[in-house]
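# Survey of secondary and tertiary structure
One-letter residues, chain by chain:
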Protein chains: 2
Amino acid sequence: MEKLKKAILQKGKVVSKDVLKVDSFLNHTIDPLLMKQIGEEFYFRFKGEHVTKIITIESSGIAPAVMTGLFLNAPVVFARKKKSLTMTDDVYKETVFSYTKQEYTDITISKKQISEGDRVLIIDDFLANGEAALALAKLMKQSNATVIGIGIVIEKSFQPGRNKLIDKGYRVDSLARIASMEDGKVTFVEEKAEIHPK
Amino acid sequence: MEKLKKAILQKGKVVSKDVLKVDSFLNHTIDPLLMKQIGEEFYFRFKGEHVTKIITIESSGIAPAVMTGLFLNAPVVFARKKKSLTMTDDVYKETVFSYTKQEYTDITISKKQISEGDRVLIIDDFLANGEAALALAKLMKQSNATVIGIGIVIEKSFQPGRNKLIDKGYRVDSLARIASMEDGKVTFVEEKAEIHPK
């Protein structure tokens, strides 16, 4: 997605060869128009899949997920990273290791918010080691919902997440795939022309 | 806002006379179309205020804030509840007591994401004791930005938050004001006809 790649090149900051800061448009400050365009792009990619629910994880996944839900006309459920006192229902739970934060977190979804017949699109802001997306997919497995695909805003293609997910049989659609961030420079994976150039 | 009140009556659950669960459309499952309508309503209420930035707090404030930002053409910044390893900039920090979770949390905003000249609209999902909104306003005071108003999705008007904020001179606009939840029944504050009935 060209507009997203442009934002990454113009506003992203390569902190190290593994860490990209996009806090000026995606995960601290959010650019609402770019989120809308991201939602529209996911709509084009998944509109034939009869998505009934979009699943993401707090907090940075919420903005792109809600815009995608608006276009696909599907409710969005965000997994919580910590059980709160007002969430007293039974929940599905998985444990995620965050390489960024170097800690384990429990993520939960209330059982009431997801049904056996749901066709689920998982949306997240980043794909690196795949831990968060895999945990979301496992939550869906617990609920017997069907994961029809995983939509990622920014994929660090030099890390193992994408292959882990594909090995488990999931369709992975990433809007920007980063091949390398060596020497402070972002290089994207070369791809065939997009189906919906913007 | 009539559509919001209808959602509260039809889908909200009064857990106790103080606690309303709206996890089927606002703070666990999110209804994207309702969020869009909420964003449009805040746009009508604040469009004359030359808003340059929208501030909210993770996680449940993000969806209504991003939709409001889309209509007002302003970027959205969400305060984080815990400093993460990739957020290495200097930050503004305040401490919030959550009555729901019965714990103190530090909330932070990177200094780079807010400027002295910003005209800020604070958006949050709930107003009860006013702790979160007050902390966001204090963060803005630290940055010398101007808070032009506070937009709340659901206000529990029987709790002290609204008055605390008004006493400090802030404009507070809440889309649904709950007068009472006695006996498991939601009663709204009677208000004059809305400027933009929907």
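Now for a look at the structure at hand. (Residues numbered from 1 in each chain as written. Chains lettered and ligands numbered in written order. Predicted model: local features only at pLDDT ≥ 70, side-chain atom pairs only at ≥ 80, totals over all residues. Heavy atoms only, no water.)

### Notes on the packing of aromatic side chains
All names here are of chain A. Heads up, the rule is: A pair of Phe, Tyr and Trp rings is counted when the ring centres sit within 6.5 Å of each other, with Trp represented by its six-membered ring. The angle between the planes then sorts it: under 30 degrees is stacked, over 60 is edge-to-face, the rest tilted. Helix and strand assignments follow DSSP, with helices taken as H or I runs no shorter than four residues and strands as E runs no shorter than two, numbered in order from the N terminus. Exposed residues in this analysis have more than 50% of their type's maximum accessible area, buried residues have under 20%, and partly exposed residues fall in between, with area computed by a 1.4 Å probe over protein chains only.
One pass over the structure, following the stated rule, counts 8 aromatic pairs over all chains. Relative to F71, the ring of Y43 has its centre 6.2 Å away and its plane inclined at 40°; by these criteria the two rings are tilted. Within this pair, whereas Y43 is found in helix α2 (residues 32–46), its partner F71 is found in helix α3 (residues 62–72), the two being separated by 28 residues in sequence. Judged by its relative accessible area of 27%, Y43 falls in the partly exposed class. Ring plane angle 50° and centroid distance 4.8 Å describe the contact between F97 and Y104, whose orientation is recorded as tilted. Looking at Y104, the relative accessible area reads 63%, which means it is exposed. Following the ring pairs from residue to residue traces out a cluster consisting of Y43, F44 and F71.

### Examining the packing of helix α1 (residues 2–11) of chain B against helix α2 (residues 32–46) of chain B
Residues and elements named next belong to chain B. The cut-off we apply is this: Helix axes use the C-alpha atoms of the stretch in contact, all axes being lines fitted to C-alpha atoms, and the angles between their N-to-C directions lie in the range 0 to 180 degrees. Just so you know how the angles are binned, under 35 degrees is roughly parallel, over 145 roughly antiparallel, 65 to 115 roughly perpendicular, and the rest oblique. Put simply, a crossing is left-handed when the front helix is turned counterclockwise from the back one by less than a right angle, and right-handed when it is turned clockwise. Every residue pair with non-hydrogen atoms within 4.5 Å of one another is taken to be in contact. Residues are grouped as follows: nonpolar covers Ala, Val, Leu, Ile, Met, Phe, Trp, Tyr, Cys and Pro; charged covers Asp, Glu, Lys and Arg; every other residue, Gly included, is treated as polar.
Between α1 and α2, the least distance of the axes is 10 Å, while the angle of their chain directions is 140°. With respect to α2, the element α1 is oriented oblique. As α1 packs across α2, the resulting crossing turns out to be left-handed. Residue-level inspection shows K3, L4 and A7 of α1 in contact with α2, the latter providing L34, Q37 and I38. In terms of residue class, the contact of α1 with α2 is built from 4 nonpolar, 1 polar and 1 charged.

### Considering the relation of the copies chain A and chain B
Put simply, the test is: The superposition of copies rests on a least-squares fit of C-alpha positions from residues with pLDDT of 70 or more in both.
The two copies are related by a screw motion: chain A maps onto chain B through a turn of 180° and a shift of 0.0 Å along the axis, at an RMSD of 0.0 Å. The two molecules are tied by a two-fold rotation axis, judged by turn and shift. Relative to the rotation axis, the C-alpha of A:S59 is the closest in chain A, positioned 2.7 Å from it. Taken together, the interface assignments show that 100% of the residues at the interface of chain A recur at the interface of chain B, consistent with an identical surface on both copies.

### Here's the deal with the interface of chain A and chain B
Stated precisely, the cut-off is as follows: Here's the idea: put two parts together, see how much 1.4 Å probe accessible area each one loses, and the total over both is what we call buried area. For this document, the term salt bridge refers to a Lys or Arg side-chain nitrogen within 4 Å of an Asp or Glu carboxyl oxygen. Polar contacts here mean pairs of N or O atoms no more than 3.5 Å apart (in protein, one a potential hydrogen donor and the other a potential acceptor; neighbouring residues in sequence count only if both atoms are side-chain atoms). DSSP calls a pair of strands paired once it identifies at least 2 bridges connecting them.
With 42 residues of chain A in contact, the opposing surface of chain B contributes 42 residues. Summing both partners gives a buried area of about 3,500 Å² for chain A against chain B, and 61% of it is carried by carbon and sulfur. Here chain A and chain B share 0 salt bridges between them. Inspection of the region where chain A meets chain B yields 13 residue pairs in polar contact (both at pLDDT 80 or more). At 6 residues, the largest contribution of residues to the side of chain A that touches chain B is made by α3(A). Residues belonging to the side of chain A that touches chain B are distributed by class as follows: 17 nonpolar, 14 polar and 11 charged. Where strand β3 (residues 29–30) of chain A meets strand β5 (residues 76–79) of chain B, 2 bridges bridge the pair, whose relative direction is antiparallel. Counted as the bridge partner of A:T29 is B:V77 from β5(B).

All we've got here are geometric facts, nothing functional implied.
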